[in-house]
Amino acid sequence: MALSSPKCSSSWFALRPSPAHRSRRVAASSPSLSGPHLPRRFFSKWISSQSPRNRRWNVASMHDAISVEEYRDLAGLNTRENSTVSITVVGASGDLAKKKIFPALFALYYEDCLPEHFTIFGYARSKMTDAELRSMVSRTLTCRIDKRENCSEKMEQFLGRCFYHSGQYDSEENFAELDKKLKEHESGRLSNRLFYLSIPPNIFMDAVKCASKSASSSNGWTRVIVEKPFGQDSESSAALTQGLKQYLVEDQIFRIDHYLGKELVENLSVLRFSNLVFEPLWSRQYIRNVQLIFSEDFGTEGRGGYFDNYGIIRDIMQNHLLQILALFAMETPVSLDAEDIRNEKVKVLRSMKPLQLEDIVIGQYKSHTKGGITYPAYTDDMTVPRDSRTPTFAAAALFVDNARWDGVPFLMKAGKALHTRRTEIRVQFRHVPGNLYRSFGTDLDRATNELVIRVQPDEAIYLKINNKIPGLGMRLDRSHLNLLYATRYSKEIPDAYERLLLDAIEGERRLFIRSDELEAAWALFTPLLKELEEKSISPELYPYGSRGPVGAHYLAAKYKVQWGDLSSEHYKI
């Protein structure tokens, strides 16, 4: 059975949880009804909750899974006239807000995924009028979705819901003024408030403190989306979490990692758990290695000052790639409930040993001239110290010490200023035992099956298989069974921020990071990061636009692995 909202178009297979799971449903305020149960995020049409909890920030009671009947009941109990959502983008004048958050909100509005009554407020220190905010936002909005004729009209309607309030991030008085404006627009309805902290982490606490004391909802839920980085190591991350929990409970904190909102990452569990052909193979018995690859074909380009404080390990590996690894390697969760999935991810992270120095290679790009064009070195950036040792490239080997994955290397590679822009998951399977076609000159490594999940760009899933070339002789070829999303699906893939913002509004936490996940993730990388800094280890230099440091190839060879993204076949897909 498939369900879809009549407005916000999406659907999901209806899955009935076990009786044990239904008994665990969070804060069920109405009796369990018969019928299929779905995780809340897959109901695209927004529903407000009818039972506020008496706790800090008055978080509304939300169902983690609801039946179709409950969906209808809730929709009847909470008519469009008596509830509203106020979305405040804190740091509205910044690049992230302009390039990602406002366009994502407009796309949701364009697809009728936002509630009937909603208001968007920009909040920042910059002096700006409502009209100036709308002008700034309008320059980043596009009518990319379905190219409908009414796009200009929808854009004007959306901009009419956008307002601005200037204030300091550490001023309770300024947030109280914001609260007054929010109440004017809420018009006495049940008010639900979402704050998106698009600001540097060093001012998170000031903004959260002031918002919690002066601008929280008095009769609905209040939630806060927090952008990475979530600290720089275990200690700073724990301090940030402890500070946030002075004013918020865990269910109110939505730690966003936009890679978890990407279509192919979300499809990872569907591919594995709903296809019998893959699930039996998903173990050390059949998989030789797993590669998680992130590459960009450009350097820091103006972000050097920010990047130099973190480096590629903190910026990409510890969050984006590690989260994908946890989703890939986790055991089958009890259900699609957010807590069940996050519980399994935490188990994976806790089964891994902290990275050792001998299992990582770091690099930094240097100047290179190609085709008459000279590309700058990382340290040529005016905002980067000339003697910086911050890595712009890292390759690492990690291991999950459990029965399913014992001995299987999970190889991560992330870098800037490389030869291509790509994010992929590559699963290399073991050799066929007693290969009958060895006498035909087949290279065993080239003949191995490989499953490739390309996250970006040109989203695709393809499987490399061995095949006979047509003809009278016996010649083998390596072919691809290819699902190219642009060819198979006409609908444009939503941006990750659209999915994650919608989830936060609906209270679905499956794609957000829990505090114990964060703690386990930092525990893997903090000892290594400290050792790199204490020993002042210099990164290996590699030319801008190259395939990275030579050391990365030696690291892979140490585990009898070849990087899958460097073969000539890689560029034919």
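Cut-offs used in this document
- Residues numbered from 1 in each chain as written.
- Predicted model: local features only at pLDDT ≥ 70, side-chain atom pairs only at ≥ 80, totals over all residues.
- Heavy atoms only, no water.
- UniProt positions renumbered as here; feature names shortened; annotations may be inferred.
- Helix = DSSP H or I, 4+ residues; strand = E, 2+ residues; numbered from the N terminus.
- Buried < 20%, exposed > 50% of the residue type's maximum accessible area, 1.4 Å probe, protein only.
- Contact = heavy atoms within 4.5 Å.
- Areas by Shrake-Rupley, 256 points an atom, 1.4 Å probe, with all protein chains shown as cover.
- Pairing = 2+ DSSP bridges.
- Axes fitted to C-alpha atoms, helices over the stretch in contact; angles between N-to-C directions.
- Left-handed = near helix turned anticlockwise from the far one by under 90°.
- Nonpolar A, V, L, I, M, F, W, Y, C, P; charged D, E, K, R; others polar.
- Right-handed = clockwise from strand over helix to strand, strands pointing away.
- Expected span 1.5 Å × (residues − 1).
- Bend = angle between axes of the 7 residues up to and from the residue.
- pLDDT = per-residue confidence, 0-100.
- Phe/Tyr/Trp six-rings, centres within 6.5 Å; stacked < 30°, edge-to-face > 60°.
- Lys NZ or Arg CZ within 6 Å of the ring centre and 35° of its normal.
- Salt bridge = Lys/Arg side-chain N within 4 Å of Asp/Glu carboxyl O.

For the chain, an unreviewed UniProt entry supplies the name Glucose-6-phosphate 1-dehydrogenase and the organism Phoenix dactylifera. Database annotation for the chain, UniProt heading Function (unreviewed entry): "Catalyzes the rate-limiting step of the oxidative pentose-phosphate pathway, which represents a route for the dissimilation of carbohydrates besides glycolysis." Of the comments in the UniProt record for the chain, the one headed Sequence similarities (unreviewed entry) reads "Belongs to the glucose-6-phosphate dehydrogenase family."

K.L.:
I'm lost on the overall build of the chain in this one. Help?
P.N.:
Regarding its fold elements, the chain presents 16 helices and 21 strands. Taking all 573 residues of the chain together, 55% fall into the buried category. Here the analysis covers contacts within the chain between residues at least 6 apart in sequence; of these, 78% occur between residues at least 24 apart. Surface summary for the chain: the accessible area is close to 24500 Å², and the carbon and sulfur share equals 52%.

K.L.:
Any chance you could explain the pairing of strand β17 (residues 422–429) here in plain terms?
P.N.:
Looking along a regular strand, one sees side chains alternate from face to face of the sheet. With respect to burial, β17 is a largely interior element, eight of its eight residues being buried. The side-chain alternation of β17 yields two buried faces, one formed by Arg 422, Glu 424, Arg 426 and Gln 428 and the other by Thr 423, Ile 425, Val 427 and Phe 429. As paired elements, strand β11 (residues 287–295) and β17 share eight bridges and run antiparallel to each other. Paired with Gln 291 across the bridge in β17 is Arg 426. Relative to strand β18 (residues 450–456), β17 runs antiparallel, the two sharing six bridges. By the bridge assignment for β18, Glu 424 is matched with Arg 454.

K.L.:
Explanation requested: the packing of helix α11 (residues 311–329) against helix α15 (residues 515–534) in the structure shown.
P.N.:
The relative placement of two packed helices is expressed as an angle between their axes plus a distance between the axes. Packing of α11 against α15 brings their axes to within 11 Å, and their N-to-C directions diverge by 145 degrees. Handedness of the α11/α15 crossing: right-handed. Here α11 contributes Ile 313, Arg 314, Met 317, Gln 318, Leu 322 and Gln 323 to the contact with α15, which in turn contributes Glu 517, Leu 518, Ala 521, Trp 522, Leu 524, Phe 525, Leu 529, Leu 532 and Glu 533. Here the contact of α11 with α15 is built from residues that sort into 10 nonpolar, two polar and three charged.

K.L.:
What is the right way to read the sheet that holds strand β5 (residues 83–90) from this model?
P.N.:
Consider a sheet: its strands pair through backbone hydrogen bonds, and that pairing is either parallel or antiparallel. With parallel pairing, the six strands of this open sheet are ordered in space as β7-β6-β5-β8-β9-β10. What marks the edges here is a single partner per strand, and that holds for β7 (162–166) and β10 (253–256). Taking each pair of neighbouring strands and ignoring which way they run, the sheet shows an average axis angle of 20 degrees. Direction of pairing for β5 relative to strand β6 (residues 118–124): parallel, over a ladder of six bridges. Bridging from a neighbouring strand, Val 89 pairs with Gly 122 of β6.

K.L.:
Mind showing me how you'd approach the pairing of strand β9 (residues 222–227) here?
P.N.:
The buried fraction of β9 is high, at six of six residues. Covered by surrounding structure in β9 are Thr 222, Val 224 and Val 226 together with Arg 223, Ile 225 and Glu 227, the residues of both alternating faces. Here five bridges tie strand β8 (residues 190–197) to β9, and the two strands are oriented parallel to one another. Bridged to Tyr 196 within β9 is Ile 225. For the handedness criterion, the β-α-β arrangement of β8, helix α7 (residues 204–214) and β9 is classed as right-handed. Direction of pairing for β9 relative to β10: parallel, over a ladder of four bridges.

K.L.:
Sorry, what's going on with the side chain of Lys 262 here?
P.N.:
Of note, Lys 262 is situated in the loop between β10 and α9 (263–273). Beyond its immediate sequence surroundings of up to four residues, Lys 262 is in contact with Val 455, Gln 456, Ala 496 and Arg 499.

K.L.:
Sorry if this is basic, but what is going on with the environment of Tyr 559 here?
P.N.:
Here Tyr 559 shows up in the segment after α16 (551–558). Spatially, the C-alpha atom of Tyr 559 lies 9.9 Å from that of Arg 288, the residues being 271 residues apart in sequence. Those residues in contact with Tyr 559, other than ones at most four positions away along the chain, are Asp 359, Ala 397, Phe 399, Pro 409 and Leu 411.

K.L.:
Help me understand α11 in this model?
P.N.:
Turn by turn, an α-helix covers 3.6 residues, leaving residues three or four places apart pointing in a common direction. The end-to-end C-alpha separation of α11 is 26 Å, in line with the 27 Å expected for 19 residues at 1.5 Å each. At Met 317, α11 shows its maximal kink, close to 40 degrees. Counted residue by residue, α11 has 19 buried out of 19 residues, so it is predominantly covered.

K.L.:
Whenever I open this one, the confidence of the model for the chain confuses me. Can you help?
P.N.:
Low pLDDT means the predicted coordinates in that region are not meant to be read closely. Residues with a pLDDT of 70 or more make up 81% of the chain, whose mean pLDDT is 81. Contacts from residues 71–79, a stretch scored under 50 in pLDDT, to residues over four places away or in other chains number 16 contacts.

K.L.:
Is there a simple way to explain the packing of aromatic side chains in this structure?
P.N.:
The description of an aromatic ring pair uses the distance of the two centres, along with the angle that the planes make with each other. In the structure shown here, the tally under the stated rule is 22 aromatic pairs. Ring centres of Phe 254 and Phe 512 lie 5.0 Å apart, and the angle between their planes is 85 degrees; on these two criteria the pair is classed as edge-to-face. Taken as a pair, Phe 254 in strand β10 and Phe 512 in the loop between α14 (496–506) and α15 lie far apart in primary sequence, 258 residues in all. Judged by relative accessible area, which is 0%, Phe 254 ranks as buried. Clustering of aromatic rings is evident, with ring pairs tying together Phe 307, Tyr 365, Tyr 375, Tyr 378, Phe 393, Tyr 542 and Tyr 544. Looking at Arg 134, its charged tip hangs above the ring of Phe 163, at a distance of 5.0 Å from the centre. Just above the ring of Trp 563 sits the side chain of Lys 413; from NZ or CZ to the centre is 4.4 Å.

K.L.:
Please clarify how unusual backbone geometry should be interpreted in this entry.
P.N.:
Backbone geometry follows two general trends: most residues other than glycine have a negative phi, and most peptide bonds adopt the trans configuration. Lys 228 connects to Pro 229 through a cis peptide bond whose omega is 10 degrees. The residue Pro 229 is located in the loop between β9 and α8 (234–244) in this model. Phi is positive for Ala 417, close to 55 degrees, though the residue is something other than glycine. Locating Ala 417 in the fold gives a position in the loop between β16 (409–415) and β17. Classification of Ala 417 by relative accessible area gives buried; the value is 0%.

K.L.:
What should I look at first to understand the pattern of salt bridges in this one?
P.N.:
Enumeration according to the criterion identifies 33 salt bridges in this entry. In this structure, Lys 413 and Asp 565 form a salt bridge, with 3.0 Å as the shortest nitrogen-oxygen distance. Taken together, the positions of Lys 413 in strand β16 and Asp 565 in the segment after α16 put the pair 152 residues apart, joining distant regions of the chain. A single burial state applies to Lys 413 and to Asp 565, both of which are buried.

K.L.:
Would you explain the sheet that holds strand β15 (residues 393–399) in this entry?
P.N.:
An order of β20-β19-β18-β17-β11-β16-β15-β12-β21 is seen for the nine strands of this open sheet, with the pairing classed as mixed. Sheet topology places β20 (476–484) and β21 (540–543) at the edges, where each strand pairs with a single neighbour. Each adjacent strand pair in this sheet contributes to an overall mean axis angle of 20 degrees, direction not counted. Bridge count for strand β12 (residues 360–366) against β15 is four bridges, and the pairing is antiparallel. Considered in β15, the bridge of Val 361 is made with Ala 395. Of the strands in this sheet, β11, β12, β15, β16 and β17 touch α11, which is tilted by about 145 degrees from β16.

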